[in-house]
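The lines below spell out each chain.
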Amino acid sequence: MLEHQNAVRRCDRDRASGSAFADDDGDQRDLELEALFGGARDRFGLTALPGNLRRRELVEYYARLSGRDIRDLVFYFAYGLLKIDSFCRSFSIRSRSSLFSMHSYSRMRSPIGGWRIALALAGSLALEGGVVQWVADHRRHHAYADREGDPHSPWRYGETVPALTKGLAYAHLGWMFNAEQTPQRQYAPDLLKDRDIVRLSKLFPMWVFISLALPPVIGGLVTWSWQGAATAFFWGSLVRLFLVHHVTWSINSICHTMGESPFKSRDHSGNVWWLAIPSMGESWHNLHHADPTCARHGVLPGQVDISARVIWLFEKAGWVRDVRWPVASRIEAKRVEATANAAA
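Values in this document were obtained by computation on a predicted structure and should not be read as measured data.

Chemist: An account of the pattern of salt bridges is needed here, citing residue identities and associated values.
Modeler: Counted under the stated rule, the structure contains five salt bridges. Among the ionic pairs, D190 bridges to R139, the shortest N-O distance being 3.0 Å. Highlighted residues: D190 in helix α10 (residues 189-192) and R139 in helix α7 (residues 131-143), separated in sequence by 51 residues. On the accessibility criterion, R139 (4% relative accessible area) is buried. A salt bridge links D291 to R330; the nearest nitrogen and oxygen atoms lie 3.0 Å apart. Taken together, the residues D291 in the loop between α14 (285-290) and α15 (306-317) and R330 in helix α16 (residues 328-333) connect sequence positions 39 residues apart. Here D291 matches R330 in class, with each residue buried.

See the structure below:
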């Protein structure tokens, strides 16, 4: 317990000074915290932690380690505005989780100014749920990846072919109809304190209407015909959402059952190359679970990562800060071969 408290104090000092993850010592503290959290989680579970190891602390600091947010917000939020009809080149910047504070503690400290709300709004138009609930689900997924407690693991029912087939269907779509929803107060307490984000999240039904209605309205006005409106609704609303959702759900299902795993992780995450372009780089999923705070998932030669390039552009424009880019020594140390050699 004293070891955990010391690690937490070091992270607090880093966050106060703005130097977290700035050097090799930061990397070491990252690994220490991940190990400590994993041990506490495996021994006690998030719902039964000892009194002096506060659940809020673990959620907060693990969120920093599993920094998928801002980069996910570069997949969920830019992707959310994608209009496949004549608006295929629309600006979009998808960031599926929280560019506001959740995991973004790690990837980049947080989008600056109005970009926080703009990205959250754009992501909401992808119709993948309210921002706060999305973040809570994602944090819980990283805490229990492919173990009991993971909200959408394809390994939920076992490892046999019938069990895995059932699990794939559940991870791809079925989990969203589970009556047991991830508690927001437990996994996203920081976002619940952000009035702007909470207000935006509560307005999700309105974003659903706008996301579906905007393409046909634009199509009808441009062509001044009902046929133009109907065509825009089919391509810009229905087809767009079909593709966006199934690509996103494939990360939960396909990328946790197949693909290469060149990096050591505690789950079944794999790299699926043929999903790289449509997923904007999210399908290089193995590194994301091996090194959740890294802003780039496709770190190996030939791995196209569009989300990482968008984050890079945002950083150059001054819209985000404290982005954590891959470090060669750290990436090499996470390779399966390096881990096996170290164990030997």
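Now that the structure has been shown, the text picks up again.
Chemist: Tell me about the side chain of E128, residues and numbers included.
Modeler: Along the chain, E128 turns up in the loop between α6 (115-124) and α7. Its relative accessible area of 16% is what places E128 among the buried residues. A polar contact of 3.4 Å, which involves the side chain of E128, links it to the side chain of W134.

Chemist: Kindly report on unusual backbone geometry, identifying the contributing residues and their values.
Modeler: Positive phi is not limited to glycine here, since D146 has a value of about 60°. A residue is classified by how much of its surface remains accessible, and D146, at 14% relative accessible area, is buried. Not every positive phi belongs to a glycine, and M280 is a case in point at roughly 60°. Tracing the sequence through the fold places M280 in the loop between α13 (226-253) and α14. Using a relative accessible area of 10% as the deciding quantity, one classes M280 as buried.

Chemist: Account for the packing of helix α8 (residues 161-172) against α13, with residues named and values stated.
Modeler: Between α8 and α13, the shortest axis-to-axis distance is 8 Å and the interhelical angle comes to 135°. Taken together, the axes of α8 and α13 lie oblique to each other. The two elements α8 and α13 cross, and the hand of that crossing is right-handed. Packed against α8, whose contacting residues are L168, A171 and H172, the element α13 presents H246, W249, S250, N252 and S253 at the interface.

Chemist: So, the packing of helix α12 (residues 204-223) against α13: which residues are in play, and what are the values?
Modeler: Running from N to C, α12 and α13 cross one another at 150°; their axes reach a closest spacing of 7 Å. Here α12 lies roughly antiparallel to α13, going by the angle between them. Crossing geometry of α12 relative to α13 is assigned as right-handed. Packed against α12, whose contacting residues are S211, L212, P215, P216, G219, G220 and T223, the element α13 presents G228, A229, A232, F233, G236, S237, R240 and L241 at the interface. Residue composition of the contact of α12 with α13, grouped by class: seven nonpolar, seven polar and one charged.

So, how was this worked out
- Residues numbered from 1 in each chain as written.
- Predicted model: local features only at pLDDT ≥ 70, side-chain atom pairs only at ≥ 80, totals over all residues.
- Heavy atoms only, no water.
- Salt bridge = Lys/Arg side-chain N within 4 Å of Asp/Glu carboxyl O.
- Helix = DSSP H or I, 4+ residues; strand = E, 2+ residues; numbered from the N terminus.
- Buried < 20%, exposed > 50% of the residue type's maximum accessible area, 1.4 Å probe, protein only.
- Polar contact = N/O pair within 3.5 Å; in protein donor to acceptor, adjacent residues only side chain to side chain.
- Axes fitted to C-alpha atoms, helices over the stretch in contact; angles between N-to-C directions.
- Parallel < 35°, antiparallel > 145°, perpendicular 65-115°, else oblique.
- Left-handed = near helix turned anticlockwise from the far one by under 90°.
- Contact = heavy atoms within 4.5 Å.
- Nonpolar A, V, L, I, M, F, W, Y, C, P; charged D, E, K, R; others polar.

In short, geometric facts, not functional conclusions.
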